[in-house]
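Here's the letter readout for the chains.
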Amino acid sequence: MALLSSDVERTIKFYQELLEFPLTEIIENRDYKGSNHFFFNIGNGNLLAFFDFPGLDLGPYQEVLGGLHHVAISVDPATWERLRGKLEMAGVPHQIESGASIYFKDPDGARLELLADHLGEMYGSRVL
């Protein structure tokens, strides 16, 4: 999955420092000179990619029917608790559902979910 970033430094700070997803690579986007393509390790062998497009006014993220609703990321329960605390300390508005899902938005408004279940499980039931 690739999302858009309006501010590379802010996005790196949010995903790497707050959410603890290491930045693994940052390269120039081959399709748009001066643009970056960068990746975060979100665990379980998965990367979350971003592009920035300086000089293009893409506007804020907007949920639309048929578009991205949210990105769900599985983390172990101890990591979930730690990240919940970090989100609270940072003043990031969030919503907890079913005691295992925390929903919030990144700096560009993309909606994220941290799910305190192992990959392939949801609320204790196997889905994979």
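This section reports on the structure supplied with the text. From a predicted model like this one, the values you see are computed outputs, not experimental measurements. (Residues numbered from 1 in each chain as written. Predicted model: local features only at pLDDT ≥ 70, side-chain atom pairs only at ≥ 80, totals over all residues. Heavy atoms only, no water.)

**Points about the side chain of Asp108**
Item 1. Position of Asp108 relative to the elements: it lies in the loop between β7 (101–105) and β8 (111–115).
Item 2. There is a polar contact of 2.4 Å between the side chain of Asp108 and the side chain of Ser6.
Item 3. When near neighbours in sequence (up to four residues on either side) are disregarded, Asp108 contacts Leu4, Ser5, Ser6, Arg10, Thr11 and Tyr61. (Helix = DSSP H or I, 4+ residues; strand = E, 2+ residues; numbered from the N terminus. Polar contact = N/O pair within 3.5 Å; in protein donor to acceptor, adjacent residues only side chain to side chain. Contact = heavy atoms within 4.5 Å.)

**Side note on the sheet that holds β7**
Item 1. Taken in spatial order, the four strands make up an open sheet running β5-β8-β7-β6, and their pairing is mixed. The outermost strands of the open sheet, each flanked by one partner alone, are β5 (71–74) and β6 (94–97). Strand-to-strand twist across the sheet, computed as the mean angle between neighbouring axes with direction ignored, equals 20°.
Item 2. Examined bridge by bridge, β5 and β8 share four bridges and lie parallel to one another. (Pairing = 2+ DSSP bridges. Axes fitted to C-alpha atoms, helices over the stretch in contact; angles between N-to-C directions.)

**Describing the nonpolar core**
Item 1. Counting residues in each nonpolar core, the largest one holds 27 residues, and the members touching the most others are Phe14, Tyr15, Leu19, Phe21, Phe104 and Leu114.
Item 2. Ignoring any residue separated from it by four or fewer positions in sequence, one finds Leu114 in contact with Leu19, Phe21, Ile73, Val75, Trp80, Leu83, Ala100, Ser101, Ile102 and Phe104. (Core = buried A, V, L, I, M, F, W, Y, C linked by side-chain atoms within 4.5 Å. Buried < 20%, exposed > 50% of the residue type's maximum accessible area, 1.4 Å probe, protein only.)

**Considerations on the side chain of Asp117**
Item 1. Summarising the element assignment, Asp117 is placed in the loop between β8 and β9 (121–122).
Item 2. Here Asp117 is buried and forms no salt bridge, its nearest opposite-charge partner Arg126 lying at an N-O distance of 9.1 Å.
Item 3. With sequence-adjacent residues up to four places away left out, Asp117 is seen in contact with Ser74, Val75, Met122, Tyr123 and Gly124. (Lys, Arg positive; Asp, Glu negative; His and termini not counted. Salt bridge = Lys/Arg side-chain N within 4 Å of Asp/Glu carboxyl O.)

**Points about the packing of aromatic side chains**
In this description, an aromatic ring pair is defined by two values, namely the gap between the centres and the angle between the planes.
Item 1. This model, assessed by the stated rule, comprises nine aromatic pairs.
Item 2. With centroids separated by 5.3 Å and ring planes inclined at 75°, the aromatic side chains of Phe14 and Tyr15 adopt a geometry described as edge-to-face.
Item 3. Where Phe40 meets Phe50, the ring centres are 5.8 Å apart and the plane angle is 85°; that geometry is what we call edge-to-face. Of this pair, Phe40 sits in strand β3 (residues 36–43) while Phe50 sits in strand β4 (residues 46–51), and the two are 10 residues apart along the sequence.
Item 4. Judged by its relative accessible area of 0%, Phe50 falls in the buried class.
Item 5. An aromatic cluster is defined as three or more aromatic residues linked by ring pairs; in this entry it consists of Phe14, Tyr15, Phe38, Phe40, Phe50 and Phe104. (Phe/Tyr/Trp six-rings, centres within 6.5 Å; stacked < 30°, edge-to-face > 60°.)

**Some thoughts on the pairing of β8**
Item 1. The element β8 is extensively covered by neighbouring structure, given that five of its five residues are classed as buried.
Item 2. Of the two faces of β8, both are covered, the one formed by Arg111, Glu113 and Leu115 as well as the one formed by Leu112 and Leu114.
Item 3. Strand direction decides the pairing type here: β7 and β8, joined by five bridges, are antiparallel. Across the sheet, residue Ile102 finds its bridge partner in β8, namely Leu114.
Item 4. Hairpin connection of β7 to β8: five residues between the antiparallel strands, including Gly109 at a positive phi of 95°.

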